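Understanding the architecture of this molecule
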Amino acid sequence: MKGKTLLAAAAFALASATGVSAQTLQLNDLGYFEARGTNVLVYNNLYNGGFYDEKFAGLEIIQRGERIATGGGVRLMNTPEQWDIFGVVSPREIDRAESSVAVSLTYADYDFAPRLKVLPKDKGVLVQIWLDKPVPEQLVGKAGMNLEFFPASYFGRNYLVDNLARILPKYPMHDTEVHPVSEKIPQYFGESTFDDRGRGDFLVPLPLSTGHRIVMAPEDEALRVSVTSDQEISIYDGRHLAQNGTFVLRSLLPAGRTGKVLEWYLEPSASEDWTRPANIGFSQVGYTPAQKKVSVVELDKNATPAATGRILRVNPDGTKTVVKEVAAEVWGEYHHRYNYVRLDFSDVREPGLYCIDYQGVVTNAFPIDKEVYADKWHPSMDVSLVVNMDHMEVNEAYRIWHGRANMDDALQAPANVRLHDGYFQGDVTNTKYQPLEHIPGLAVGGWYDAGDFDIQANSVLNTTEDLAYIWRQFQPMRDQTLIDEKTQYADIHVPDGIPDNVQLILHGTLNINAQVENIGFVAQVIGQPDMHHYHHLGDAMTLTDGLVYDPTLAPYEVRGNRSGTPDDRYVFTSRFSAAGVMQDIVSLAAAYPALKDYYPEEAERSLRNAEMLWDKHFEAADPAKSPMMGRWMMGGGDPRINAAIELWLATGNQKYKDFFLPLVEKQLEAKSEVRRSNGPVQNGMFMTEFNGGPNLTAALKLYPYMDKKFQKKVKELIPAYVEVLTRGGQDNPYGVSIGGTGWAGNASIIVTAYNCYKVWKLFPDMIDPEYVFNGLNFVLGCHPGSNVSFVTSVGVNTKKVAYGNNRADYAVIPGGIVPGLLVKEDYFENKDDYPFHWGENECCINTAPQYVQLCLACDEIARYLNK
Ligand SMILES: [Ca+2]
Ligand SMILES: [Ca+2]
Ligand SMILES: [Ca+2]
C-alpha cells in the first residue's frame, strides 16, 4: 500500500541492519525470518484446501527474490503428491522474546500433532520438531520432516551430501519400489493417483542420497541452502511419482521419543550487499505512437532510485541513441516488499525500436508502431482455441497436437460421486438415464476447460458467448484455420474459406446443442471418472480408449465398439437449476446471428433450442422460486434478463422485450445496486465487481437499440459506472486492480479493461481510453515480479512455461493467457520455470476470447488515436 515514503523505508532497513542480534536472520514485522537476500517463512502461506497441496504452504524459502523451497513440515511420505494428506495447521505462535515461530500440525486420524518450531541461530535457523507423545506406531517410518525444493530452479546445479558431490538430475532417473497398498497412507477422499492394473501396489521413491549434511547448489550463492542434523537426512526426487514433484529433503522422526525429537540447522544464503535488479515493467508488444507510455519500475528497498531513466532508440547498425531523459516519478511502497517509480515517455512517438534504461538495467527492445495491436490476438484465435478443442484431431504443419479424443463420451455419473475439480454428483440425476448408462450424441464440439480435459459448463458456455460477442462487435473475417466438423479435424495455418471466429462459435454450439438435446441442459461438467484419468498429461486421445463402456465385459476386454475399461467420462447432472439454464439460452441465442449466414441449419437449431429452453424453464427460473446456484449468480439479479435480451436480439420477438425492459429500467433506477460475485467462481472464472455502483452490463448492450429516454438515463449513470470500473487500480502504481490469492487476476483485469472499451465506444468523451490500454499493458508485461508477457507467445519476452496439457514438457500452448501474479504474504509470484502452479499459470479457455476482444478493442482505439 502506498503511504510509506522511500526515505522512511530506507531508514527502517538501516535500523534492521544495525540490530543488536548476533543472528543473521531477524524475525520481522510480518512474522518471518529475514536477512538481506533471503527469507525463511513459517506457514505465512497456508494450504487453502481447494486443491490440497498447491506447493504454496509450510516452511518456505525466498532467496534473491525467488521462492525456491516450499512444503516444509511433518509429512507422512517421502515425496507427497497433491492429494496426499497434510497436517491441519494451528494459528502461528510468534514469540518475540526468543524470536521463534511455532505451529502444530494435526493429523486427527492418527491422533498425532507434532509441533514445528523455528528460531534463528548463527547464519541460519533451527528447525525443531517437538512431540508430546511418541510417533504413533502406524506412522513410524512414515512421519518425517520434509522440505521441498523446486527442481527447475536447480537445473544445472549440484549438491553435496556430507563429502560426496552429486548432480541434481534434470530428469527423474533414480529408483523406486512398489509396496503393498495396505501400507499406504490413504490420500484425501481415498483417491489413488496410480493405475496398478489391479496389482494392489503403490509406488515409493527411494532416496538419491543420505547423510547428515546436504547442501543444495553449494556453487550458486543465490540457490545455496544447507541442512545439517544429527539424524539422517535423505534427498528424494518426487517427479518419479508426479511431474509436478520436487526435490525433497527429509528426516524420519525417531520412534519412541518425546520432547525435541528432531533438529535441523538450516542455513540459507544471505548476502550483505545483494540488491535485486530493477524490474522495468512495460508492454512486451510495444506501443502505438499516440497512446500513453508509462513504464512502472519495481525497485529493491535497498536501492536508491535514480532521478531519471533513459529511452534508447535502437538503430539499424545496432547502436543505441538516447532519445529522451525521463524524470522518475516516485510512487512509493506497494505490498511491502518493493518500492516503485514511474517513467512516462508518452511523447516518444516516432516509430522505431526502443529500450528503457533505468538503474543500470536495459530492457529488451520493443516497437513503437501504429500496428502493434493488429495481430496480437492471432495466436489465441488460431492456436489456443483450436488446440483446446475437444473431439477433434488438431494438426499444425508436421505436428499433430492431439488425436480425436473422448469419442466414447459419456456416461451418466452415478449418485454421490465426487470429482477432483470440486464437483459433486448428488443423489438426483435430473435425467432419464440410469447411473453409468451411456448418454448418446455427446462426442462433438466443446473445449477442454483449461489444463485438464473436462468440459465445464461455464467454459463451453462463456467461451461460445464471448466468441459470439466478438463477431457481433468486430466481425473479424480472419480465416487461417481449417475446421472440418464432419471428420472432426482441424488444421492450423490452413484457410478453408470460412471465418475462424464463426467456426469456433459452431464448435461451441455443437456441444451445447448436443447436451441440451440429449441431457436436457448443459451439465455442470463432463469429467474424468477417477484420479488416474484426471491427472492425465499428454495427448488427450490417449485418455480413454474411445470405446463405450460395457460393464458386462472384463476390464481391458474389447468387443466390437465397446470395452470393459471404465474410462469414459462422467456427466455430472445433479446441480441442475432452471436459472442455470438461462446461460445455455444466452450462448445459443448469441451464436445465432453469427452462424446464420454460414451454418444456417446449426443457427436454426441453436435458436430453436434456446426458445424451447425459455418456454420450458421460464417460470421456474424466477429468482423468487429458484435457488441461487453456481454459475447464474454471475448474471446478477434476474437470470432471465440476459437470456431475454439475446432472444430478442436474435428474433425481434416483442415478448422478450416486454419481459426484460421493465427489469433493466429498474436496474437503472437502483443507482447503487450491489451486484455480487465471489471472485473466482470456478477455474479462472472471474467477474468484474460492482459493489456499490450501477450495473450497466445489460443497459450498455441494449443502448444502441433503445429510445432517447432510455439512452439519457444510461448516460447519466456513466460517471458512476466509470468510477466502479477504475477504482480498483487506485491503490497501486500499475492502475489496475491486482488481486488473487488463490487464483491470479489477469482474467478480471482483461474483463474490466474491455468494459472500459464498451463505455468508450458509446461515450468517447466520458472515459479516458488509456484505461483500456492499461489493462492490456499490464497483462503484456507492465506488472510486478517480472516484465514477461502473460500471453504465451505474444510479445518479445513471453512466458516460457504454462499450465496447459503439455506442461510436463515445460512448454506452452501459444495464445493462452496465464492467470498471472498470485498475491502472497508480501510478494507477488508468477514462476516462469515451474508450470505446475495452476493459480499462476493455468490457461483457462474462456479467457482466450476475452483477451481477443480486448486486443481488437485496443486496435480500434489505437487507430482512432493515431489517425
Ligand atoms: Ca477443469
Ligand atoms: Ca477457417
Ligand atoms: Ca471407453
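Cut-offs applied
- Residues numbered from 1 in each chain as written.
- Chains lettered and ligands numbered in written order.
- Predicted model: local features only at pLDDT ≥ 70, side-chain atom pairs only at ≥ 80, totals over all residues.
- Heavy atoms only, no water.
- Helix = DSSP H or I, 4+ residues; strand = E, 2+ residues; numbered from the N terminus.
- Rg over C-alpha atoms; globule rule 2.2 N^0.38 Å.
- Buried < 20%, exposed > 50% of the residue type's maximum accessible area, 1.4 Å probe, protein only.
- Axes fitted to C-alpha atoms, helices over the stretch in contact; angles between N-to-C directions.
- Parallel < 35°, antiparallel > 145°, perpendicular 65-115°, else oblique.
- Left-handed = near helix turned anticlockwise from the far one by under 90°.
- Contact = heavy atoms within 4.5 Å.
- Nonpolar A, V, L, I, M, F, W, Y, C, P; charged D, E, K, R; others polar.
- Lys, Arg positive; Asp, Glu negative; His and termini not counted.
- Salt bridge = Lys/Arg side-chain N within 4 Å of Asp/Glu carboxyl O.
- Polar contact = N/O pair within 3.5 Å; in protein donor to acceptor, adjacent residues only side chain to side chain.
- Phe/Tyr/Trp six-rings, centres within 6.5 Å; stacked < 30°, edge-to-face > 60°.
- Lys NZ or Arg CZ within 6 Å of the ring centre and 35° of its normal.
- Expected span 1.5 Å × (residues − 1).
- Pairing = 2+ DSSP bridges.

The number of helices and strands found in the protein chain is 15 helices and 43 strands. Expected size for 867 residues packed as a compact globule is a radius of gyration near 29 Å; at 28 Å, the protein chain falls within 12% of this value. For the protein chain, the spread of C-alpha atoms along the principal axes amounts to about 80 × 75 × 55 Å. Across the 867 residues of the protein chain, 60% fall into the buried class.

With their axes 14 Å apart at the nearest point, helix α3 (residues 457-474) and helix α8 (residues 640-651) run at an angle of 45° to one another. The pairing of α3 with α8 is recorded here as oblique in orientation. Here the hand of the crossing between α3 and α8 comes out left-handed. Together, E465, Y469 and R472 of α3 and N642, E646 and L649 of α8 make up the contact between the two elements. Classifying every residue of the contact of α3 with α8 gives two nonpolar, one polar and three charged.

Before going further, it helps to spend a moment on the side chain of D408. Tracing the chain through its elements places D408 in the loop between β30 (399-402) and β31 (411-412). There is no salt bridge for the buried D408, and the closest opposite charge comes from R569, which lies 6.6 Å off by N-O distance. At 2.9 Å, the side chain of D408 and the side chain of T544 are in polar contact. A distance of 3.5 Å separates a polar side-chain atom of D408 from the backbone nitrogen of L547. Residues contacting D408, with those up to four places away along its chain left out, are H438, T544, D545, G546, L547, V548, D567 and D568.

This part covers the packing of α3 against helix α6 (residues 578-595). Here α3 crosses α6 at 30°, and the two axes come no closer than 8 Å. In this structure, the crossing between α3 and α6 has a hand that is left-handed. Here α3 contributes L461, N462, T464, E465, A468, Y469, W471 and R472 to the contact with α6, which in turn contributes Q583, D584, V586, S587, A590, A591, P593 and A594. Considering only residue class, the contact of α3 with α6 consists of nine nonpolar, four polar and three charged.

For the structure on display, the rule yields 38 aromatic pairs. An aromatic cluster of three or more residues is present, and its members are W331, Y334, Y340, Y734, F778 and F828. The residue whose ring lies beneath R399 is W401, and the NZ or CZ to ring-centre distance is 3.7 Å.

With that settled, the discussion passes to helix α7 (residues 600-617). Spanning 18 residues, α7 covers 26 Å between terminal C-alpha atoms, matching the ideal 26 Å at 1.5 Å per step. E602, A603, R605, S606, L607, N609, A610, L613, W614 and H617 are the residues of α7 that are buried. Those residues of α7 hidden inside the fold are in contact with α4 (500-518), α6, α8 and α9 (654-669).

Right, let's get into the sheet that holds strand β21 (residues 294-300). Taken in spatial order, the four strands make up an open sheet running β20-β21-β25-β24, and their pairing is antiparallel. The open sheet terminates on both sides in strands that have one partner only, identified here as β20 (279-281) and β24 (329-334). If you compare each strand with its neighbour and ignore which way they point, the axes differ by 25° on average. Both β20 and β21 contribute to a ladder of three bridges, which runs antiparallel. Note that in β21 the partner of G281 across the bridge is V296.

This brings us to the pairing of strand β26 (residues 352-358). Summarising burial for β26: five of the seven residues are buried, a large majority. The pairing of strand β22 (residues 308-314) with β26 spans five bridges and is classified as antiparallel. Within β26, the position partnered with V314 by the bridge is L353. Note that β26 and strand β28 (residues 366-368) share three bridges and pair antiparallel. Across the sheet, residue G352 finds its bridge partner in β28, namely I368. As paired elements, β26 and strand β27 (residues 361-362) share two bridges and run antiparallel to each other. Counterpart to D357 in the pairing with β27 is V362. Linking β26 to β27, which pair antiparallel, is a turn of two residues; within it Q359 sits at a positive phi near 55°.

For strand β15 (residues 201-205), the tally of buried residues reaches four of five residues, placing the bulk of the element in the interior. Pairing geometry for strand β14 (residues 176-180) and β15, over five bridges, is antiparallel. If you follow E177 over to β15, its bridge partner there is V204.

Moving on, we come to the environment of Y549. Of note, Y549 is situated in strand β38 (residues 548-549). A residue is classified by how much of its surface remains accessible, and Y549, at 15% relative accessible area, is buried. Sequence separation between Y549 and P566 is 17 residues, and the spatial gap between their C-alpha atoms is 5.8 Å. Not counting residues within four places of it along the chain, the set of residues in contact with Y549 comprises L411, R562, S563, G564, T565, P566 and D568.

With that out of the way, let us pick up α8. Here α8 is 12 residues long and its end C-alpha atoms lie 16 Å apart, about the 16 Å a rise of 1.5 Å per residue gives. Within α8, nine of the 12 residues are buried, which leaves the element mostly enclosed by the surrounding structure. Considered for burial, the residues of α8 that qualify are R640, I641, A643, A644, I645, E646, L647, W648 and A650. Looking at the buried positions of α8, the neighbouring elements they touch are α3, α6, α7, α9 and α10 (697-702). Looking at the residues trailing α8, positive phi occurs at G652, about 75°.

Our focus in this paragraph is the environment of P120. Mapping P120 onto the fold places it in strand β9 (residues 115-121). Considering only alpha carbons, one finds P120 and E98, 22 residues apart in sequence, at a separation of 8.9 Å. Once residues lying within four places of it in the same chain are set aside, the contact partners of P120 are Q23, L25, F33, E98, S99 and V125.

On their own, these measurements won't tell you what the molecule is for.
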